[in-house]
Amino acid sequence: MYLAANGRPDAPPRTPGARRRVPATVLALGAVSLVTDVSSEMVTAVLPLYLVLGLGLTPLQFGFLDGMFNGATALVRLLGGRLADRRGHHKRVAGAGYLLSALSRLGLLLAGSATGAIAAALAADRLGKGIRTAPRDALISLSGPPETLGRSFGVHRAMDTTGALLGPLAAFAVLWATADAYDAVFAVSFCTGLLGVLLLVVYVPAVPGPATAPPTPRAAPPRPSVLRDPAFRRVLYASAVLGATTIGDSFLYLLLLRGLDLPPALFTLLPLGAAAVYLLLAVPAGRVADRTGRRTAFLIGHAALLGAYVLLLAPVSPPTVVGVLALLGVFYAATDGVLMALAAPALPAAGRAGGLAVLQTGQALARLLGAAGFGAAWTLWGARPALWAAALALAGALAAASRIMPADVPAPSPTAPEAP
């Protein structure tokens, strides 16, 4: 059943070259993500300031919008994954998502101060991200053997995070050079996003390996069987429970900004600390997860997030800022790519994008509840009681997830019928 040509197996045969080298497809997708994240993080860095301080939205309104746009990608993620699996066009579907996100920056540029137009542009950006994420991650998972997926996702996420690190710096530089002209940020972001699409078209192969070669009509049905798989369901449930207690980075940065009474312009620099830690730890965390267990790494990452919540409950000081940003970086390094590496081996090659889309959709919907719930709690009770509630909820979710989540998910059984 298992195909091992060109060193790209669907099962875990150990090829020496695969252990030493990161697949070229992973590096190419990492470059695309790096450039795209420069574009997207330029906007993300200024968005809370623009909406909360510029347009006067309340924390409840901002939390609702932020969570809604994250959750709105749910159906689109499933559609993108299904289309990629059905036709075997992972690159085309991912490219459509990258292009839509790039065009959304142009929408922001043309929207001016019209809140409805801004909301539409933000929705287009999140929809583009929803379309591209599962096919992109499927391409990564199909480019190398399962036993090195943690490293492959770690390398991709490190390159992705390099873009996240450079994006706020670029936004800060543009705002400084243009006297806080948000339109200039949106224009530079649009041009950078188009560059990312060009890199995808030129350097990412349409088919990473033989596992994706036979795009037949019978390749579409794996999604129901994936949902019936007990191990995959447990990963899905555990990640959703934990996602519902993740309040969102923007709220953490707003709490730090208010706690230290920092100038609003410095808000764009706060994500740099977390991004730097994520960048440093993404590859080591992936390698450690491959060796010691991806389940353990995923739970430890959420324990680090709980530590960030606890630190914010104390009076905010410069050491608190350092600690919160460091723990947030550890959280992403130990969870983002690790979750995909944990679940991917259980998914058949012909249904890989659809299965990952289901997992990502569960997280998106859970984080919709988390963001909206924390925004409502902040508005009704105040920041500190809301943070106490979030910390207690996350502690309970960690206890539940440690019982729900299985050990590292094995690859599909060699006795399973193979799609023709």
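Note: the structure precedes this text.
Reference entry: report on the structure contained in this document. What you see is a predicted model, and the numbers here were worked out from it, not measured in a lab.

The next subject is the side chain of Ser143. On the secondary structure map, Ser143 appears in the loop between α6 (115-141) and α7 (149-177). Within the structure, Ser143 has its side chain in polar contact with the backbone oxygen of Leu139 (distance 2.5 Å).

Now for the environment of Val358. Position of Val358 among the secondary structure elements: in helix α15 (residues 352-381). The exposure class assigned to Val358 is buried, which follows from its relative accessible area of 10%. Linking Val358 and Leu78, residues 280 residues apart in sequence, is a C-alpha distance of 6.3 Å.

Here we come to the packing of α15 against helix α16 (residues 383-404). Axis separation between α15 and α16 bottoms out at 7 Å; the angle between their running directions is 140°. As the angle between them shows, α15 and α16 are arranged oblique. Here α15 runs over α16; the crossing is right-handed. Contacts between α15 and α16 involve Phe374, Ala377, Trp378 and Trp381 from the former and Ala383, Pro385, Ala386, Leu387, Ala389 and Ala390 from the latter. Looking at the contact of α15 with α16 residue by residue, the classes come out as 10 nonpolar, no polar and no charged.

There is a patch of nonpolar side chains on the surface, built from Leu99, Leu103, Leu106, Leu110 and Leu194 and spanning about 430 Å² of accessible area. For the nonpolar patch, the leading source of residues is helix α5 (residues 90-111), giving four residues. Along the chain, Leu110 turns up in helix α5.

Attention shifts here to the nonpolar core. One finds Tyr309 and Phe374 to be the most contacted residues of the largest nonpolar core, which totals 66 residues. Sorting elements by how many residues they give to this core places helix α14 (residues 318-343) first, with 11 residues. Leaving out residues up to four positions away in the same chain, Phe374 has contacts with Ile247, Phe251, Leu255, Ala386, Leu387 and Ala390. Counting residues in hydrophobic clusters, the runner-up holds 16 residues, among them Met42, Val46, Leu108 and Ile118.

The next subject is the packing of aromatic side chains. The geometry of an aromatic ring pair is captured by two quantities: the separation of the ring centres and the angle between the planes. In total, this model carries five aromatic pairs according to the counting rule given. Between Phe251 and Phe374, the ring centres sit 5.0 Å apart and the planes meet at 65°, which makes this aromatic pair edge-to-face. Placement of Phe251 in helix α11 (residues 249-260) and of Phe374 in helix α15 is noted, with a sequence separation of 123 residues between them. By the ring-pair criterion, three or more aromatic residues cluster together here, those being Phe251, Phe374 and Trp378.

The subject of this paragraph is α15. Across its 30 residues, α15 extends 43 Å between first and last C-alpha, which sits within 8% of the 44 Å expected from 1.5 Å per residue. Immediately downstream of α15, the backbone of Gly382 shows phi near 105°, a positive value.

Now for the side chain of Asp160. Relative to the elements of secondary structure, Asp160 occurs in helix α7. In this structure Asp160 is buried but unpaired, with Arg136 as the nearest side chain of opposite charge at 4.6 Å. Those residues within four positions of Asp160 in sequence are excluded, and the remaining contacts are Gly30, Ser33, Leu34 and Asp37.

Before going further, it helps to spend a moment on the pattern of salt bridges. Under the criterion given, the structure shown has six salt bridges. The residue Arg105 makes a salt bridge to Asp125 at a minimum N-O spacing of 2.7 Å. Residue Arg105 is located in helix α5, and its partner Asp125 is located in helix α6; the two are separated by 20 residues in the primary sequence. Accessibility classification places Arg105 together with Asp125 in one group, the buried group. Asp137 is paired through a salt bridge with Arg157; the nearest N and O atoms lie 3.1 Å apart. With Asp137 in helix α6 and Arg157 in helix α7, this pair connects stretches of sequence that are 20 residues apart. One salt-bridge network, in which partners are shared between bridges, spans Arg136, Asp137, Arg157 and Asp336.

Definitions and limits used
Residues numbered from 1 in each chain as written. Predicted model: local features only at pLDDT ≥ 70, side-chain atom pairs only at ≥ 80, totals over all residues. Heavy atoms only, no water. Helix = DSSP H or I, 4+ residues; strand = E, 2+ residues; numbered from the N terminus. Polar contact = N/O pair within 3.5 Å; in protein donor to acceptor, adjacent residues only side chain to side chain. Buried < 20%, exposed > 50% of the residue type's maximum accessible area, 1.4 Å probe, protein only. Axes fitted to C-alpha atoms, helices over the stretch in contact; angles between N-to-C directions. Parallel < 35°, antiparallel > 145°, perpendicular 65-115°, else oblique. Left-handed = near helix turned anticlockwise from the far one by under 90°. Contact = heavy atoms within 4.5 Å. Nonpolar A, V, L, I, M, F, W, Y, C, P; charged D, E, K, R; others polar. Patch = residues over 30% accessible without salt bridge, like charges linked within 9 Å, V, L, I, M, F, W, Y side chains within 5 Å. Areas by Shrake-Rupley, 256 points an atom, 1.4 Å probe, with all protein chains shown as cover. Salt bridge = Lys/Arg side-chain N within 4 Å of Asp/Glu carboxyl O. Core = buried A, V, L, I, M, F, W, Y, C linked by side-chain atoms within 4.5 Å. Phe/Tyr/Trp six-rings, centres within 6.5 Å; stacked < 30°, edge-to-face > 60°. Expected span 1.5 Å × (residues − 1). Lys, Arg positive; Asp, Glu negative; His and termini not counted.

Bear in mind that shape data such as this cannot, by itself, settle questions of function.
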